[in-house]
Structures are given as C-alpha cells and as structure tokens.
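This is what each chain is made of:
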Amino acid sequence: MPHEKIIEASSKHPKPADRKFTYGTAGFRMKADLLDPVMFRVGLVAALRSQKLNSATIGVMITASHNVPADNGVKLVDPMGEMLEPAWEVYSTTLSNAATDEELAAEYQKLADQLKIDTTRSAKVVIGRDTRESGPALLKALTDALDAVGAEYEDHGIVTTPQLHYIVRCINTHGLYGNPHENGYYEKLGDAYKQLMKAHGVKQPTKFTVDCANGVGAPALHKLAEYIGSDIFQVEIVNDQINEPSKLNFQCGADFVKTQQRLPPASKVENMVRCASLDGDADRLIYYYNDDKGNFRLLDGDKIATLAASFIGGLAKDANIDLNIGVVQTAYANGSSTDYIKKILGLPVICTPTGVKHLHHAALAFDVGVYFEANGHGTVLFSNNAIEKIQELEPESPGQAESLKKLRIFIDLINQTVGDALSDLLMVEVILAHKHWGPKEWDNNYTDLPNRLVRVEVTDRTVFKTTDAERRLIEPATVQKKIDELVLKYSKGRAFARASGTEDAVRVYAEAATRGEAEELARLVAEIVA
Ligand code: NG1
Ligand code: ZN
C-alpha cells in the first residue's frame, strides 16, 4: 500500500501545527526553512496530476523569483508548459495543510477517489531549481514524496523557470517543440536568433549590458551568448555571481530597477547605452537607459509589448497575411501605452486582473496575442490557426516571401509557454536591429504618463473586493465613489486600489498629467483606503 509509504516518508517532513499554507499567484512562496513539508506534499500532488493526465509529464520548479535569498518557493507546470490548472491550486493547498502524516495519506486518497485517479499507473515529473542555497534540501523533500508513490522523475538541476516550462512542453509534444533539455533550449532560441540576424545581414546597433540579478539567468545567458557567438550577440553580463547566495536580487534585478527607477550599481554604462535586467528566475525582463542628460528612462513590459505588437503587425502586413493581433495588459499598464496600441497601432487591447495566468488565458483569444505585465513578465502566443496560416501561405513576391520567412523564424524565437526573460531579450534585440533603433527611438513611441504605485498597510485586505479587471472597488461600499470624485480633479487622472495577491497590503496606483499630480493623487487615494 502506498499509504504506509506516504506516512513513513512524510514523518521525516512534519508540518508545524500553527502554519497555514496557500498555493497563490506564484505557487507556494515563503521563508525557505518553512517549506520542507510543503515540498513533500507538492511531490504527491505532482504525481497525482501526472496520473490524472494519462502519465503526461508534470514540471516542478523550485524558486522564489525576485524574493530575498532566505525565501524559496515551488510551482507546478502543466503538460503544455502552462501554469497549473486553477482547480489543482486548491487541491495543492488542501494537501499542504493536512495536519498529520495520517491525515495527509487520507487526503491523498480522498483526492484520488474524487478525481477517479488510478494511483497505480505511472507518474512522470521533471524538476528544476534556481540558485538558492536552500534548493538541494528542498529537492530532497520533493523526491522523498515521489519515491514514496513510485513516481519517475528527472532532475534538470539549476535552470531558469521558463527553461523548465520549455522542457515540459518538449517532452509532452515528443520533441515537436524542441529537444527536452537545457541545451535544446539554447539551440532552438539561438538558431532562430542567428537566422533572423545573420541571414538578413542585420546587426545589433551596439553592445548592451544585462544585469542577471546574481541568479540563474546568469549561467543561462552566458551559455546562450556562447552558443550564438559574439559576432552577432554583443552582451556585457553583470551581476552573475551565483556562488555568493547573499547577492541574489540584492541591489539588482528587474524588480529593483522597476521599483527604484535607477540603474543597478553594477551597471556602469555611458548615457544612451541600453541595459536590461532579469529577475531571480529569469522570467521577467525590463530594459532601461540613461538619456543624453543622464536621466533614467525605463523601457518596461508595456514598451516591450508595444514593440513586439508593432513589429509582428508590420511583418504580417508585408507578408500579406491576415492575422488578428491583440495586446493583453493589466490595470497597471501605463495609460499612454494603451492609447498608443489602440490609436496608433490600431490593435485591440484586453485588460485582465493581475497575474500572468489571466493574461495568458486572454491572449489565447487572438491569432497572435501579445501579453505583458508592466513589470516585464510576458510573451507572445501564436495560435495553431495562425501558425498554420503562416506555414502554408505561398508567397507571390520576393518581398512577401522575405517577411513570411522572418515571421516563421520569429515563432521559434519566442518561448510561448510562459514569460521568458532570455527569449524576450533576443526578441527585443532582433526587433531593434531590424528597425535600426537605439533605446531613444524605441522610447519615443510614446511618453509614459507620470505614475506612482504605493503600498498601503490595512487591517484586513480581504475586505477590498474589485470588479472590471480590478479597476474598480465594489467593497468597502463608499470607497470607489470617493476615488472617482478625486480622480475627476486631475488632468489625465486615473487611479485604482486593489488587495495584493502576494503581500499583506493594498496597492494604490495613480497616474496623471504631471509627476506632482500623480504623486498627490496616489497619496490621497491611499488616505481613502487606509
Ligand atoms: P500583487 O502582489 O498581487 O500585486 C505582484 C505583481 C504582479 C505579479 C505578481 C506575481 C505588481 C503591481 N504586482 O502581484 O504583477 O507579478 O506579483 O509575482 O507588479
Ligand atoms: Zn520571476
């Protein structure tokens, strides 16, 4: 009976009585020393999920992304490389909270019965982790559970989150998506990049600097750059010290740059040189530069989305192919970017609640769905319908053939499973090179409205209930009316408040015509919700 085995193995990973765990937007995430029992239980969920899906391979990624080095976390990856199906987030939460080893075995059986899962069939799991010191011990807790239920697993060691998503999809599509290992990833992306640059005689405008947050993106970018070759990929890599765990995300990384609005101290660059930052597990990317007067300029997820949408739109037009292209954003997208997409690019925009799973889902509605959170997490999805159209079209002129060829290779350049900083980085470099643009020309597409994001401590954030993709509050009762009255007083004013899904706080976002007004509006809305 697996139950005795589960109980015995679980006894080495006891759950403290006073803890309540939740599978949230980013999986389970907390101080690493609390995570051991959760890891064990996630192992059971992963095996069940695989068995439920006819032994498809499920991914387990051990990471806490941009969090401090003392934290860690874990998330599950579904067969096509997507995030775990929401119903299973709830099952994960239930199993992680079983009070005793016996109760855990009983919950495991209950779930198997409820979902009619044959627990004797084979279960397959692939595992990856970031560079955190706590990773190996947590991996052991996970594999103890997999061993207890007889699941097969492959450990891919230290890989980025998007690499693990890629590997899962490769395995489940039997190699159609690419070769299911880290090197296969460099080959697929690297070859697409080479073809889009070399074959078209296109060059990067200048060398650029990438801050890897002293995390797993560093070895991955080194390997990718080496595979591509410095003749067509000139990159200066900074913050790549993964052997000093305390440096992870410290004074560097995409989150640091986005919130501090300044260069990471290690990026010592001249004005007008473009820079990029990854986060701790390399699924977020942002660009930035100091302008000719030394003022910091951010090229965030909104700027990346607009760049990608306009480039793909241009290629589709030149290839004479009718594609329904759309952009998906959240309420945090700068109002200027939304205007630019609608009015200048002439493309539809969908706004969804925060969290990439919502954006990803909405992007599936288009032939080509470009989705990005302002913080730099996003990708481009090509539907099967679009891929077929692009593959099958017979060009009628050399110009059309050229654009069609680029479009075909472009699909391979993009990791469509999930937002991927390295894939997005190559995409941006290709587009800038094809457009002969530096950071300034890119930045000039539109000017961000001044904005301010503040974090407000409240007694109980669960009382804040929203509607309209989190842009309006329905509870507490009078708050939205007060916000509306206030916003009316500001030129180009927009503001909203919502409970954070990852921190115990309410976030207030405000934008307006001038910096002073944006700050004032944010402060006053914060006073209303506090
Ligand atoms: P919350 O804490 O729910 O605002 C934050 C980010 C999201 C997303 C998640 C998951 C902002 C304003 N919010 O969510 O975009 O990245 O974390 O990591 O950046
Ligand atoms: Zn991340």
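Residues numbered from 1 in each chain as written. Chains lettered and ligands numbered in written order. Predicted model: local features only at pLDDT ≥ 70, side-chain atom pairs only at ≥ 80, totals over all residues. Heavy atoms only, no water.

**A closer look at the site of ligand 1**
Near ligand 1 you find Arg 284, Tyr 332, Thr 354, Glu 373, Asn 375, Arg 498, Ser 500, Gly 501, Thr 502 and Arg 507, and these make up its full shell. Between ligand 1 and Arg 498 there is a distance of 2.8 Å, counted from an oxygen atom to a side-chain nitrogen or oxygen. Separating an oxygen atom of ligand 1 from a backbone N or O atom of Gly 501 is a distance of 2.6 Å. Considering ligand 1 on its own, with 430 Å² of exposed area, one finds that the protein chains cover 85% of that surface. (Near = heavy atom within 4 Å. Polar contact = N/O pair within 3.5 Å; in protein donor to acceptor, adjacent residues only side chain to side chain. Areas by Shrake-Rupley, 256 points an atom, 1.4 Å probe, with all protein chains shown as cover.)

**Things to note about helix α15 (residues 421-435)**
Residue pairs spaced three or four apart in an α-helix point in one direction, given the helix's 3.6 residues per turn. Helix length check: α15 (15 residues) gives 21 Å between terminal C-alpha atoms against 21 Å at 1.5 Å per residue, within 8%. Among the 15 residues in α15, 14 count as buried, and that is most of the element. The N-capping residue of α15, defined by a side-chain oxygen 3.0 Å from the backbone nitrogen of Leu 422, is Asp 420. Looking one or two residues beyond α15, the residue adopting positive phi is His 436, at roughly 55 degrees. (Helix = DSSP H or I, 4+ residues; strand = E, 2+ residues; numbered from the N terminus. Expected span 1.5 Å × (residues − 1). Buried < 20%, exposed > 50% of the residue type's maximum accessible area, 1.4 Å probe, protein only.)

**Concerning the pattern of salt bridges**
Taken as a whole and assessed by the stated rule, the structure comprises 30 salt bridges. Between Asp 231 and Lys 198 there is a salt bridge, and its shortest N-O distance comes to 3.5 Å. Here the residue Asp 231 occupies a position in the loop between α8 (217-228) and β7 (235-238), and Lys 198 occupies one in the loop between α7 (182-197) and β6 (208-211), the gap between them amounting to 33 residues. Assessed through its relative accessible area of 47%, Lys 198 is described here as partly exposed. Residue Glu 519 pairs with Arg 515 through a salt bridge whose shortest N-O separation is 3.5 Å. Of this pair, Glu 519 and Arg 515 both sit in helix α18 (residues 515-529), 4 residues apart, which is roughly one turn of the helix. Overlapping salt bridges, with partners in common, bring together Arg 455, Glu 457, Glu 503 and Arg 507 in one network. (Salt bridge = Lys/Arg side-chain N within 4 Å of Asp/Glu carboxyl O.)

**Concerning the sheet that holds strand β8 (residues 275-278)**
Taken together, 5 strands build an open sheet; the order of strands is β7-β6-β8-β9-β10 and the sheet is mixed. Where the open sheet ends on each side, the last strands, each with one partner, are β7 and β10 (296-299). The mean inter-strand angle of the sheet, taken between neighbouring strand axes irrespective of direction, is 25 degrees. (Pairing = 2+ DSSP bridges. Axes fitted to C-alpha atoms, helices over the stretch in contact; angles between N-to-C directions.)

**Brief notes about the domain arrangement of the protein**
Under the domain assignment used here, the protein contains domain 1 (2-158), domain 2 (184-297), domain 3 (301-443) and domain 4 (451-529). Put simply, the middle of domain 3 and the middle of domain 4, counted by C-alpha atoms, are 30 Å apart. Taken residue by residue, the interface counts 9 residues in domain 3 and 11 residues in domain 4. The largest share of the area that domain 3 buries against domain 4 comes from Ala 331, Tyr 332 and Cys 351, three residues that together contribute 62% of it. Seen at the junction of domain 3 and domain 4, the total is 0 salt bridges. Seen at the junction of domain 3 and domain 4, the total is 5 residue pairs in polar contact (both at pLDDT 80 or more). (Domains from an automatic or database assignment. Contact = heavy atoms within 4.5 Å. Buried area = accessible area lost by both parts, 1.4 Å probe.)

**Structural notes on the pairing of strand β12 (residues 349-352)**
As defined by bridge partners, strand β11 (residues 325-330) adjoins β12 across 4 bridges and the pair is classed as parallel. Bridge pairing links Val 327 to Val 349 in β12. In terms of handedness, the path from β11 via helix α11 (residues 335-344) over to β12 forms a crossover that is right-handed. (Right-handed = clockwise from strand over helix to strand, strands pointing away.)

**Quick look at the coordination of the zinc ion (ligand 2)**
Protein coordination of the zinc ion (ligand 2) is provided by Ser 65 (OG), Asp 279 (OD), Asp 281 (OD) and Asp 283 (OD), with donor distances spanning 2.0 to 2.2 Å. Angles of 84 to 173 degrees at the metal separate the 4 donor atoms of the zinc ion (ligand 2), which places the site in the irregular class. Along the chain, the residues that donate to the zinc ion (ligand 2) are spaced as S-x213-D-x1-D-x1-D. Accessibility assignment for this pair places Asp 279 and Asp 283 in one class, buried. (Donors = N, O, S within 2.8 Å, 3.2 Å for Na, K, Ca; no water. Tetrahedral: all angles 85-135°; square planar, octahedral: opposite > 155°, others 65-115°.)

**Looking at the environment of Gln 251**
With respect to the element layout, Gln 251 can be found in the loop between β7 and α9 (254-260). Sequence spacing of Gln 251 and Ala 213 is 38 residues, and the spatial spacing of their C-alpha atoms is 8.1 Å. Excluding residues that lie within four positions of it along the chain, Gln 251 makes contacts with Phe 256, Arg 262, Pro 264 and Pro 265.

**Some thoughts on the packing of aromatic side chains**
Summed over the entire model, instances satisfying the criterion amount to 15 aromatic pairs. Relative to Tyr 177, the ring of Tyr 166 lies with its centre 5.8 Å away and its plane at 50 degrees, an arrangement referred to as tilted. On the criterion of sequence distance, the pair formed by Tyr 166 in helix α6 (residues 161-172) and Tyr 177 in the loop between α6 and α7 is long-range, its members being 11 residues apart. Across this residue pair, the class does not change: Tyr 166 and Tyr 177 are buried. Relative to Tyr 509, the ring of Tyr 332 lies with its centre 5.9 Å away and its plane at 90 degrees, an arrangement referred to as edge-to-face. (Phe/Tyr/Trp six-rings, centres within 6.5 Å; stacked < 30°, edge-to-face > 60°.)

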